[in-house]
Amino acid sequence: MSEQARRRPHKPYRRPQKDPVRMLAFEALRAVDERDAYANLVLPPLLRKAREKGDFDGRDAALATELVYGTLRRQGTYDAIISACIDRPLREVDPPVLDVLALGAHQLLGTRIPTHAAVSASVELARVVLGDGRAKFVNAVLRKISQQDLDAWVAQVAPPYDKDAEDHLAVVHSHPRWVVSALWDALGGGRAGIEDLLEADNERPEVTLVARPGRSTTEELAAVTETLPGRWSPYALRMAEGGEPGAIEAVKDGRAGVQDEGSQLVALALANATLEGPDARWLDGCAGPGGKAALLAALASERGAALLASEKQPHRARLVERALAGNPGPYQVIAADGTRPPWRPGSFDRVLMDVPCSGLGALRRRPEARWRRRPEDLDGFAPLQRALLTEALSAVRVGGIVGYATCSPHLAETRVVVDDVLKKVGGAELIDARPFMPGVPALGDGPDVQLWPHLHGTDAMYLALLRRTV
């Protein structure tokens, strides 16, 4: 060693600094990955705790939210880019390292955070949660990523559209290939429609309020928070970005709620479908967590009808009870299996069966679901969906109406289920659902209805209305 090297002072070790925003975002991503948690359930308590500790203000909460949801929405694209920047298969990189890299990639390619700040903040996070050794790896990869913008990277890592259209769309719009294929089949049409849909899936959804009829009004809600009118539902209001629905008194006491406009439209269509004879007993056969049940209960109360809300899972039945608490009209909440119901056949005039499904219609709200679901999952839902619709047709009286709904546009969960049950069970007919969504455009050829994020600004809710004939 030279004399000069011996005399050069050693750099003192600097402890990594914890950045509360990025630490929280990393913690949320780990919960999604390790515990199969949903970000919309994990994030609010983490943000609340950070506020209580005094670590966060409103801007910090907004950035943390963007980092979590933006990273999850673009995970497939970022994985392809990261893979192009490393010398090993992606599966050989530890998941916590991938989370830090994806967070860094989103800051570099999906936000306006300056390049040097995005890299340094991500490396500092890596030092805290991964250690100095792996932080060097993170630094090297992110510096490679920073050399191009998102468009340039996508052009490099996505196959050409004319060579493999589905794989191209999967990488560009960050959806699994099988989901792209399923959505395209359900949507029909050419490239423009599917690209519009996939882009809409990656947009942050608006928070939509419902003023439960007879209990609150849109005017009351608009007077206490900044909103825009709903697009289609007379009971809907769209909150301004950054609004806090939980701070609104009408929401706190259950006179209003947070409910996607597509969900409202499904409940309203069932309630407004033409019915001959008595209209006194309504059933929500899969009522958890209670949004549609609360709207149906309010509508039933105005007509002097009673709602029975049934939910198989006891903890979800308690959520339904909470949603319906204070409803002025008669209602009852029970924990019961809709495939082995305790009620007698022919007991109800209107029945809603919003069946468990893949959730592919709500990818805006639960972006991680696209990576969690597998094509074989649909095989698991299929028998349950058919059994629930069969029991719904049994539960309704002759002349009564059944609404089969699902938050999925996948044909295997929508039209195929309805067609199969009608062929097997008989004694029922499809009626045109479109007239009961007045003013809503682009509802297709009917008689069933498929709502779309890019066409209606709603979740991709499906509804078929059936009348029992025998």
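Presented here is an overview of the structure given in this document. (Residues numbered from 1 in each chain as written. Predicted model: local features only at pLDDT ≥ 70, side-chain atom pairs only at ≥ 80, totals over all residues. Heavy atoms only, no water.)

## A short note on the pattern of salt bridges
When charged atoms on two side chains of opposite charge get close, those side chains can pair.
Thought 1: Counted according to the given criterion, the structure contains 35 salt bridges.
Thought 2: Put simply, Arg238 and Glu206 hold a salt bridge, and the shortest N to O gap is 3.3 Å. On the criterion of sequence distance, the pair formed by Arg238 in strand S3 (residues 236-239) and Glu206 in the loop between helix H12 (191-201) and strand S1 (208-211) is long-range, its members being 32 residues apart.
Thought 3: Residue class for Glu206 comes out partly exposed when judged on its relative accessible area of 28%.
Thought 4: Taking the shortest distance from any N to any O, the salt bridge between Arg467 and Glu429 comes out at 3.6 Å. (Salt bridge = Lys/Arg side-chain N within 4 Å of Asp/Glu carboxyl O. Helix = DSSP H or I, 4+ residues; strand = E, 2+ residues; numbered from the N terminus. Buried < 20%, exposed > 50% of the residue type's maximum accessible area, 1.4 Å probe, protein only.)

## Overview of helix H20 (residues 415-425)
Thought 1: Residues Val417, Val418 and Val421 constitute the buried set of H20. The buried residues of H20 all sit within an arc of 95° when viewed along its axis, so they share a single face.
Thought 2: Where H20 ends, the next residue or the one after it, Gly426, has phi of about 70°, a positive value. (Arc of directions from axis to C-beta.)

## Some points on the packing of aromatic side chains
Thought 1: Overall, the coordinates contain two aromatic pairs when judged by the stated rule.
Thought 2: Here the aromatic rings of Trp343 and Phe348 are separated by 5.9 Å at their centres, their planes lie at 85°, and the arrangement is edge-to-face. Judged on exposure class, the residue Trp343 and its partner Phe348 are both buried.
Thought 3: Note on Tyr404 and Tyr462: the rings are 6.3 Å apart at their centroids and 70° apart in plane angle, and the pair reads as edge-to-face. You can see Tyr404 sitting in strand S9 (residues 396-406) and its partner Tyr462 sitting in strand S12 (residues 462-468), a full 58 residues away along the chain. Taken as a pair, Tyr404 and Tyr462 share a single burial class, namely buried.
Thought 4: When the ring centre of Phe137 is taken as origin, the NZ or CZ atom of Arg88, which lies over that ring, is 4.7 Å away.
Thought 5: In this structure, Arg191 is placed above the aromatic ring of Tyr161, and the distance from its NZ or CZ to the ring centre is 3.8 Å. (Phe/Tyr/Trp six-rings, centres within 6.5 Å; stacked < 30°, edge-to-face > 60°. Lys NZ or Arg CZ within 6 Å of the ring centre and 35° of its normal.)

## Structural notes on the pairing of strand S7 (residues 331-335)
Thought 1: One ladder, built from five bridges, connects strand S6 (residues 306-311) with S7; its direction is parallel. Bridge pairing in S7 places Ala309 opposite Val333.
Thought 2: Handedness of the β-α-β unit built from S6, helix H17 (residues 314-324) and S7 comes out right-handed. (Pairing = 2+ DSSP bridges. Right-handed = clockwise from strand over helix to strand, strands pointing away.)

## Quick notes on the side chain of Arg350
Thought 1: Here Arg350 is to be found in strand S8 (residues 348-354).
Thought 2: Residue Arg350 is classed as buried on the basis of its relative accessible area of 4%.
Thought 3: Looking at Arg350, its side chain comes within polar contact range of the side chain of Asp279, at 3.0 Å.
Thought 4: Apart from residues no more than four positions distant in its own chain, Arg350 is found in contact with Leu270, Ala271, Asn272, Ala273, Leu275, Asp279, Arg281, Trp282, Leu283, Arg303, Val396 and Ile401. (Polar contact = N/O pair within 3.5 Å; in protein donor to acceptor, adjacent residues only side chain to side chain. Contact = heavy atoms within 4.5 Å.)

## Regarding the sheet that holds strand S2 (residues 227-229)
Thought 1: The sheet built from four strands is open, its strands ordered S2-S3-S1-S4 with antiparallel pairing. Of all strands in the sheet, those bounded by a partner on one side alone are S2 and strand S4 (256-258). Direction aside, neighbouring strands of the sheet carry axes that sit 30° apart on average.
Thought 2: Of the pairings in the sheet, the one linking S2 to S3 comprises three bridges and is antiparallel in character. When the sheet's bridge partners are listed, Pro229 is paired in S3 with Leu237.
Thought 3: The sheet contacts of helix H15 (residues 261-272) involve S1 and S3, and relative to S1 the element is tilted by about 30°. (Axes fitted to C-alpha atoms, helices over the stretch in contact; angles between N-to-C directions.)

The analysis is restricted to geometry; functional conclusions fall outside its scope.
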